[in-house]
Amino acid sequence: MNDSSWGTPPHTGSQAGYWGPSDQGPVQGAAPAGPAYDAPKAQQTRPMPIVPEVPAYGGDQDDDRGAARLSGPLFRDEPPQSPPYPAAQQNPEPMPDAPQPAPRPQKKSAGRDLGAAIGVGVALGVVIIASLFIVKAVFVGVIAVAVVVGLWELTSRLQERKGIKAPLVPLALGGGAMVVAGYVRGAEGAWVAMALTALAVLVWRMTEPPEGYLKDVTAGVFAAFYVPFLATFVALMLTAGDGPWRVLTFLLLTVVSDTGAYAVGWRFGSHKLAPRISPGKTREGLVGAVTFAMVAGALCMQFLIDDGAWWQGLLLGLAVAASATLGDLGESMIKRDLGIKDMGTLLPGHGGIMDRLDSLLPTAPVVWLLMVLFVGSG
């Protein structure tokens, strides 16, 4: 191919180039007319738009080696800048997915009304201690009342949340009788009353349709064992010669264990003890419970219990801290299954009666047994 192929052909008025027929002849750069580019065929070809001549990259106006570049909005190398945001959009709100600033650390809260909790606790303590050291029978009545109220709370929550109808009437009557039988007839009377209460639950539920019978009577027997039968061991402790002091030791160690766990866990707790059961309990709180209970146990066994020794109190405190923690976790498991926070609202700052009995109930047989082993049953 020679240079004339890219040149401009002689002006010919009757011939048309590649760009189609023209009165002024072929345009610059058109191919010469010929068989392949005659006028009839060229007329059937769609005209191409005329593109203005712009120097290609590398020409005199755009050289990477330092030549001057065209400037201006249409020839700027970088993309044109978008107009500034209006005043209302100068500081747009962050997108939902944008990282948010870290919240300020919140001050630890006790999580309950401490004033009401302390007031109710002091009032209950006065009633318990007065009845315990003045007339033992009155204290037995206090236990029976607490048992009946606890059974009412438990059966009410079971029916509300799970549709389980554990018969309250035989449970309340049998529970009260169980506590009295334990105080009057000892462990043998407590076992007989427990068996009769379970039988009464089975018979009472037969007066209703059979649907749900098995789950109702199962829940009833469980409630009879969990609340009144375990509470009967407090009455068994009371029958000893120094019974009031044994019961006071049992109450003090359980309360001190709970208080130590709460205080140490609230202040220093960072490692969860059982997050799926009770997220608020920590390992540091458990250490506080054991420490407080062992110290209190040594003091109580040394100064309150006849023939007691301080080392026995250490073991007793350790056992109380373990049983109280397990009892608390056990009721937390029940409440989590029921989807509730408290068993009731009878005691301001505490919840219900069952929320106070949760650690006491499983601790009662432990303390009774260790007392019998250490200093006898008399």
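Residues numbered from 1 in each chain as written. Predicted model: local features only at pLDDT ≥ 70, side-chain atom pairs only at ≥ 80, totals over all residues. Heavy atoms only, no water.

1. Remarks on the overall build of the protein
Threshold: Helix and strand assignments follow DSSP, with helices taken as H or I runs no shorter than four residues and strands as E runs no shorter than two, numbered in order from the N terminus. Working definition: with a 1.4 Å probe on protein chains only, accessible area under 20% of the residue-type maximum means buried, over 50% means exposed, and in between means partly exposed. Under the convention used here, a 1.4 Å probe and the Shrake-Rupley method define accessible areas, while residue burial counts only the protein chains that appear.
Within the protein, the regular secondary structure consists of 10 helices and 2 strands. In the protein, the succession of helices and strands from N to C terminus is α-α-α-α-α-α-β-β-α-α-α-α. Evaluated residue by residue, the protein yields a buried proportion of 37% over its 378 residues. As displayed, the protein has an accessible area near 23300 Å², and 65% of this comes from carbon and sulfur atoms.

2. Some thoughts on the confidence of the model for the protein
Parts of the prediction with low pLDDT should not have their coordinates interpreted in detail. We apply this condition: The quantity known as pLDDT measures the predictor's confidence residue by residue, on a range of 0 to 100. Two residues form a contact once any of their heavy atoms are found within 4.5 Å.
Looking at the protein, the pLDDT average stands at 79 and 69% of residues meet or exceed 70. Within the protein, helix α5 (residues 213-238) carries the highest mean pLDDT (97), whereas helix α1 (residues 39-43) carries the lowest (44). Confidence over residues 2-45 falls short of pLDDT 50; this stretch has 34 contacts with residues more than four positions distant or in other chains.

3. Brief notes about the nonpolar core
Our working rule: Remark: nonpolar core denotes a set of buried residues (Ala, Val, Leu, Ile, Met, Phe, Trp, Tyr, Cys) joined through side-chain atoms within 4.5 Å.
Counting residues in each nonpolar core, the largest one holds 58 residues, and the members touching the most others are Val 234, Val 247, Phe 250 and Leu 316. Take this core: its biggest share by element is 15 residues, from α5. Once you skip the residues sitting within four places of it in the chain, Phe 250 turns out to touch Val 234, Met 237, Leu 360, Thr 363, Ala 364 and Val 367.

4. Quick word on a nonpolar patch on the surface
Filter applied, for reference: Excluding any residue in a salt bridge, patches collect residues exceeding 30% relative accessible area, merging like charges within 9 Å and nonpolar Val, Leu, Ile, Met, Phe, Trp and Tyr side chains within 5 Å. Any carboxyl oxygen of Asp or Glu that lies within 4 Å of a side-chain nitrogen of Lys or Arg is treated as forming a salt bridge with it.
On the surface, Val 192, Leu 196, Leu 199, Leu 202 and Val 203 cluster together to form a nonpolar patch covering roughly 440 Å² of accessible area. For Leu 199, the position within the fold is in helix α4 (residues 168-205).

5. Brief notes about unusual backbone geometry
One non-glycine residue, Asp 307, lies in positive phi territory at about 65°. For Asp 307, the location among the structural elements is in the loop between α7 (283-303) and α8 (310-338).

6. Looking at the side chain of Asp 216
Turning to its location among the elements, Asp 216 is positioned in helix α5. Not counting the four nearest positions on each side in its chain, Asp 216 is found in contact with Ile 164, Lys 165, Ala 166, Pro 167 and Arg 205.

7. Points about the packing of aromatic side chains
Going by this rule: Classification of ring pairs rests on two measures: the distance between centres of Phe, Tyr or Trp rings, Trp counted by its six-membered ring, which must be within 6.5 Å, and the angle between planes, read as stacked under 30 degrees, edge-to-face over 60 and tilted in between. To sit over a ring, a charge needs its Lys NZ or Arg CZ within 6 Å of the ring centre and within 35 degrees of the ring normal.
Inspection of every chain in the model, using the stated rule, returns 7 aromatic pairs. Between Trp 191 and Phe 229 the ring centres are 4.6 Å apart and the planes differ by 55°, which places this aromatic pair in the tilted class. With Trp 191 in helix α4 and Phe 229 in helix α5, this pair connects stretches of sequence that are 38 residues apart. With a relative accessible area of 4%, Phe 229 lands in the buried category. Three or more aromatic residues joined by ring pairs form one cluster here, namely Trp 191, Phe 225, Phe 229, Phe 233 and Trp 368. Over the face of the ring belonging to Phe 268 we find Arg 267, whose NZ or CZ atom lies 5.1 Å from the ring centre.

8. Some words on the packing of α7 against α8
For the record, the criterion: The angle between two axes is taken between their N-to-C directions and runs from 0 to 180 degrees, where each axis is a line fitted to C-alpha atoms and a helix contributes only its stretch in contact. In these notes the angle categories are as follows: under 35 degrees is roughly parallel, over 145 is roughly antiparallel, 65 to 115 is roughly perpendicular, and the rest is oblique. Note on convention: the crossing is left-handed when the near helix lies turned anticlockwise from the far helix by less than a right angle, right-handed when the turn is clockwise.
At their nearest, the axes of α7 and α8 sit 6 Å apart, and the two run at 140° to each other. Put simply, α7 runs oblique to α8. For the pair α7 and α8, the crossing hand works out as right-handed. The residues of α8 that touch α7, namely those facing Leu 286, Ala 289, Val 290, Ala 293, Met 294, Gly 297, Ala 298, Met 301 and Gln 302, are Trp 310, Gln 312, Gly 313, Leu 314, Leu 316, Gly 317, Leu 318, Ala 321 and Thr 325.

9. Some remarks on the side chain of Arg 246
Spelled out, the test is: Contacts described as polar in this section are N or O atom pairs within 3.5 Å, which, within protein, must combine one atom able to donate a hydrogen with one able to accept it, while residues neighboring in sequence count only if both atoms come from side chains.
Within the secondary structure, Arg 246 sits in helix α6 (residues 243-268). Classification of Arg 246 as buried rests on a relative accessible area of 4%. A polar atom in the side chain of Arg 246 sits 2.9 Å from the side chain of Asp 242. Sequence-distant contacts of Arg 246, that is, excluding residues within four places in its chain, are made with Met 237, Ala 240, Ile 305, Met 371, Val 375, Gly 376, Ser 377 and Gly 378.

10. Here we look at the environment of Thr 207
Summarising the element assignment, Thr 207 is placed in the loop between α4 and α5. The exposure class assigned to Thr 207 is exposed, which follows from its relative accessible area of 65%. Of note is the side chain of Thr 207, whose polar atom sits 2.8 Å from the backbone oxygen of Trp 204.

11. Here's the deal with the pattern of salt bridges
When charged atoms on two side chains of opposite charge get close, those side chains can pair. Counted by the stated rule, this structure contains 6 salt bridges. Salt-bridge contacts for Glu 160 lead to Arg 157; the nearest nitrogen and oxygen are separated by 3.0 Å. Within this pair, Glu 160 and its partner Arg 157 are both found in helix α3 (residues 136-162), separated by 3 residues, close to a single helical turn. A salt bridge links Asp 337 to Lys 162; its shortest N-O distance comes to 3.3 Å. Highlighted residues: Asp 337 in helix α8 and Lys 162 in helix α3, separated in sequence by 175 residues. A relative accessible area of 38% means that Lys 162 is categorised as partly exposed.

12. What to know about the pairing of strand β2 (residues 278-282)
Rule in force here: The rule for pairing is simple: two strands pair if DSSP sees at least two bridges between them.
The pairing of strand β1 (residues 272-274) with β2 spans 2 bridges and is antiparallel. Each bridged residue has a counterpart across the sheet, and for Ala 274 the counterpart in β2 is Ser 278. Two successive antiparallel strands, β1 and β2, enclose a turn made up of 3 residues.

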